[in-house]
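# Topology and contacts: notes
Residues per chain are reported as follows:
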Amino acid sequence: MISEPSVLNNAGQEISSAHTGEPMQQAITYEKIPTNIYADAKAASRAVAKEIAELIRTKQRENKPCVLGLATGSSPKTVYAELIRIHREEGLSFRNVISFNLDEYYPMEPDSLQSYVRFMKEQLFDHVDIPADAYFLPDGTTPYNQIAEFGRSYEEKIEAMGGLDFQLLGIGGNGHIGFNEPGSLQNSKTRLMMLDHSTRAAAAGDFGSLTKVPKKAITMGVSSILKARRVVLLAWGERKAPVIRAAVEDTVTEQVPASYLQLHPNCLFVIDEAAASELTRMKAPWLVDTVAWDNKMIKKAVTHLSLTLGKPILKLTNKDYNDNGMSDLLAQVGQAYELNIDVFNKLQHTITGWPGGKPNADDTNRPERKLPAQKRCLIFSPHPDDDIISMGGTFQRLHDQGHEVHVGYQTSGNIAVADDEALRFADYVVDFNKQFGIDSPEANRIFQDAAASLRTKKDSEMDTAEVRYVKGLIRRGEAKSTCRFVGIPVENAHFLNMPFYETGKVEKKPLGEDDILAVMNLIEQIKPHQIYAAGDLADPHGTHKVCLDAIIEAVRRLKASGADFMQDCWVWLYRGAWAEWDIHEIEMAVPMSPDQLMRKRLGIFKHQSQKDGVVYQGTDSREFWQRAEERNRGTAELYNRLGLAEYEAMEAFVRWKF
Ligand code: F6R
């Protein structure tokens, strides 16, 4: 059993894990699968790897093989990395391990870039001492008419080894486990499956485009998974939050195959806080356990009650509070009347058309200070278009209201440019140079090489350095175009090209010293009063998170160095294209009129390479401008449903207090 405690109690409040020594209890009322929540994927993965390592050692002591069921995808990578560490540093041997992987694309050659055989070798097998004949994966080269037989023999082999001691799982956004897509039956066995559109869309990044993702996969069935003696499912990031809630709290249904795990007697979900965010113990902890009613919890509860009942805050009654598990709150604060007014005012104070502070106004209850009246603002944009997509309205207002606005573009964003788009630009330069004989041999070489490589590039081949250069240049040009559109001088656009990003692949290098220094240098150069950063936790492995980590570390170091300007520097976090802050968390909401929203759309259009279907579309088929507008309109609508004024759209920020 995983023995390290989770970090949150039933009420979603932090407990000091180091002191309790026990895993937290479950929120029994709502949760039908034991679920441990950790602060982040790393801490969670350590606990899971420890359990696997202990199992392997126990089996070694008994002179028995340890039969593991393994998964691919992004979720288990941190577990495998920790297992490799335990192998290297603590001498864990894998000589008694026999493993069976859940699935493989079909058709798929084992040495292909995207094969799960290659994935498992790179992520685990090549780094530990598991014997080469002790791991098995569904064979993506099996002739079509032999797949049924292959499935049977795969299951027999598992049985012959004594069955799975431990099955590791990830979960698809649609609830799949293995590649058992929605509709899979409880008694399903190893077989060929058609992949869901959302599954293929999620894999499009690995293959370069959706059309290149195989349509089928061989997967172990639901019954094969349920037979394992122990099952641990991992989920990281906000994008998994809705499906985690469905699997853990709703009824068992073939529409969410992970919900079958409610039927398993020894299953554990190990998730991070972001993936847990839709569970009742996080969303409405007062329904699950006694909570401490601090200001934050009160705001969360009142807004939740108002939205659930569809009643503006100022119309909530004592009865509404009592009927919805909040009578202890009333007992503490008195009447609904006072409570309503207090929370309503707090929400009202978050709304401002002056994100840089309103000069000559009383700023006691405003999100930003009025002084200095003209601030230096530094917007960090992880990719070249996040500034305009996520905070375009605020960007424009800051400039229009006389602040000195700079943008730090953290990464080149080069992998998100389609090959044909890059070829169009490379050809343009090559043709231009041919005609006018531009005499820079190096420039000619770069563009000729890029054009030649793009013309012959095969599916799934990586971009050459020259191609990446051209793609980066395209995105840089688009970012500059947005800056001109907003009205800031292009000298205020700073391109950091953080090295961690420059792998040419979806998978990035870990954050390094050079990355942090690039961010630090820019902050020192601008000496901003305000920093805006993407606080997007939707994808914990993603570029936004790494970019935020770099900013946090840079700010921490500058603070520690005692730099004067840092004492006056406030950091505001905006969210990426996918999710918005929860309404109770928002500390500054900047409204937009219909015209301002339209202007923001035109600013997003400057990013032509990201229009009309992008390379990494993911499961959301909307264009970025559509996502941004729907989200900004959604925030305004929420404020309005709570009983505040009706705006067209709003951008939202949380202040990060370091
Ligand atoms: C992988 C597998 C899939 C993934 C799931 C989540 O072998 O069977 O079920 O576990 O698609 O993928 P990630 O972890 O990439 O979000």
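Residues numbered from 1 in each chain as written. Predicted model: local features only at pLDDT ≥ 70, side-chain atom pairs only at ≥ 80, totals over all residues. Heavy atoms only, no water.

## What to know about the domain arrangement of the protein
The condition that has to hold: These domain limits were set by an automatic method or by a database of domain assignments.
Here the domain parsing of the protein yields domain 1 (31-282) and domain 2 (376-416 + 466-656). For domain 1 versus domain 2, the distance between C-alpha centres works out to 34 Å.

## Topic: the environment of Tyr 260
Note the following rule: Per the convention used, a helix needs a DSSP run of H or I reaching at least four residues, while a strand needs a run of E reaching at least two, with both numbered from the N terminus. Here the term buried applies to any residue with accessible area under 20% of the maximum for its type, exposed to any over 50%, and partly exposed to those in between, with areas from a 1.4 Å probe on protein chains only. Residues count as neighbours in contact if any of their non-hydrogen atoms are within 4.5 Å of one another. Here a polar contact is taken to be a pair of N or O atoms separated by no more than 3.5 Å, where protein atoms must pair a possible hydrogen donor with a possible acceptor and residues adjacent in sequence count only if both atoms sit in side chains.
Within the element layout of this structure, Tyr 260 appears in the loop between helix H8 (241-249) and strand E10 (267-272). Residue Tyr 260 is classed as buried on the basis of its relative accessible area, which comes to 5%. On a C-alpha basis, the gap between Tyr 260 and Pro 528 in space is 52 Å, while along the polypeptide they are 268 residues apart. Excluding residues within four positions of it along the chain, Tyr 260 makes contact with Ser 184, Leu 185, Gln 186, Val 222, Leu 226, Val 252 and Glu 254. A distance of 2.8 Å separates a polar side-chain atom of Tyr 260 from the backbone oxygen of Ser 184.

## Digging into the packing of helix H17 (residues 465-486) against helix H21 (residues 594-605)
Our working rule: The convention used is that axes are lines fitted to C-alpha atoms, helices contributing only their stretch in contact, and that angles between N-to-C directions extend from 0 to 180 degrees. Orientation categories follow fixed angle ranges, with anything under 35 degrees roughly parallel, anything over 145 roughly antiparallel, 65 to 115 roughly perpendicular, and all other angles oblique. Amino acid classes used here: Ala, Val, Leu, Ile, Met, Phe, Trp, Tyr, Cys and Pro are nonpolar; Asp, Glu, Lys and Arg are charged; the rest, including Gly, are polar.
For the pair H17 and H21, interaxial distance at closest approach is 8 Å and the crossing angle is 150 degrees. Put simply, H17 runs roughly antiparallel to H21. Contacts between H17 and H21 involve Thr 482, Phe 485 and Val 486 from the former and Arg 599, Leu 602 and Gly 603 from the latter. A class-by-class count of the residues in the contact of H17 with H21 yields 3 nonpolar, 2 polar and 1 charged.

## Describing the pattern of salt bridges
Keep this limit in mind: Basic side-chain nitrogens of Lys or Arg form a salt bridge, by our definition, when they fall within 4 Å of a carboxyl oxygen of Asp or Glu.
Applying the stated criterion across every chain yields a total of 40 salt bridges. Of the charged contacts in the structure, one is a salt bridge between Asp 385 and Arg 475, with a shortest N-O distance of 3.2 Å. With a gap of 90 residues between them, Asp 385 in the loop between strand E11 (376-381) and helix H14 (386-400) and Arg 475 in helix H17 connect regions that are remote in the sequence. Taken individually, Asp 385 and Arg 475 each receive the classification buried, so the pair is uniform in this respect. The salt bridge partner of Glu 630 is Arg 622, with a shortest N-O separation of 2.6 Å. Judged by its relative accessible area of 46%, Glu 630 falls in the partly exposed class.

## Considering the nonpolar core
Short version of the rule: Residues enter a nonpolar core if they are buried and are Ala, Val, Leu, Ile, Met, Phe, Trp, Tyr or Cys, with the set joined through side-chain atoms within 4.5 Å.
Core analysis: the largest hydrophobic core is formed by 62 residues, its most contacted members being Trp 293, Tyr 321, Phe 380, Val 519, Ile 523 and Tyr 639. In contact with Ile 523, not counting residues within four places along its chain, are Leu 378, Phe 380, Pro 528, Ile 531, Ala 554, Val 555, Leu 558, Phe 565 and Met 566. Tyr 38, Ala 49, Leu 68 and Ile 84 belong to the second-largest nonpolar core, a separate cluster that totals 48 residues.

## Things to note about the packing of aromatic side chains
So the rule is basically this: Two aromatic rings from Phe, Tyr or Trp, using only the six-membered ring of Trp, form a pair when their centres are within 6.5 Å; if the ring planes differ by under 30 degrees the pair is stacked, by over 60 it is edge-to-face, and anything between is tilted.
According to the stated counting rule, one finds 17 aromatic pairs in the structure shown. Here Phe 100 and Tyr 154 contribute two aromatic rings whose centre-to-centre distance is 5.6 Å and whose plane-to-plane angle is 85 degrees, an arrangement assigned as edge-to-face. Here the residue Phe 100 occupies a position in strand E3 (residues 97-101), and Tyr 154 occupies one in helix H5 (residues 147-160), the gap between them amounting to 54 residues. Both residues of the pair, Phe 100 and Tyr 154, belong to the buried class. Measuring from centroid to centroid gives 5.0 Å for Tyr 409 and Phe 495, while their planes differ by 15 degrees, and the two rings are stacked.

## Describing the site of the ligand
Counted only if it meets this: The nearness test applies per residue and asks whether one of its heavy atoms lies within 4 Å of the molecule or strand. For every accessible area listed, the method is Shrake-Rupley and the probe measures 1.4 Å; residues are considered covered only by the protein chains on display.
Taken together, 13 residues lie around the ligand, and Ser 75, Asp 103, His 176, Gly 178 and Lys 240 are the ones closest in. Between the ligand and the protein, one listed contact pairs an oxygen atom with a side-chain N or O atom of Ser 75 at 2.5 Å. In this structure, Asp 103 approaches the ligand through a side-chain N or O atom, which is 2.4 Å from an oxygen atom. Summarising the interface, the protein chains cover 86% of the accessible area of the ligand, which totals 410 Å² for the free molecule. Of the residues belonging to the shell around the ligand, the class tally is 3 nonpolar, 8 polar and 2 charged.

## Structural notes on helix H15 (residues 419-436)
Note the threshold: One less than the number of residues in a helix, times 1.5 Å, gives the span that helix is expected to have.
Compared with the 26 Å implied by 1.5 Å per residue over 18 residues, the 26 Å span of H15 between its first and last C-alpha is a close match. Of all the residues in H15, the buried ones are Glu 421, Ala 422, Leu 423, Ala 426, Val 430 and Asn 433. Looking one or two places after H15, you find Gly 437, whose phi comes out positive at around 60 degrees.

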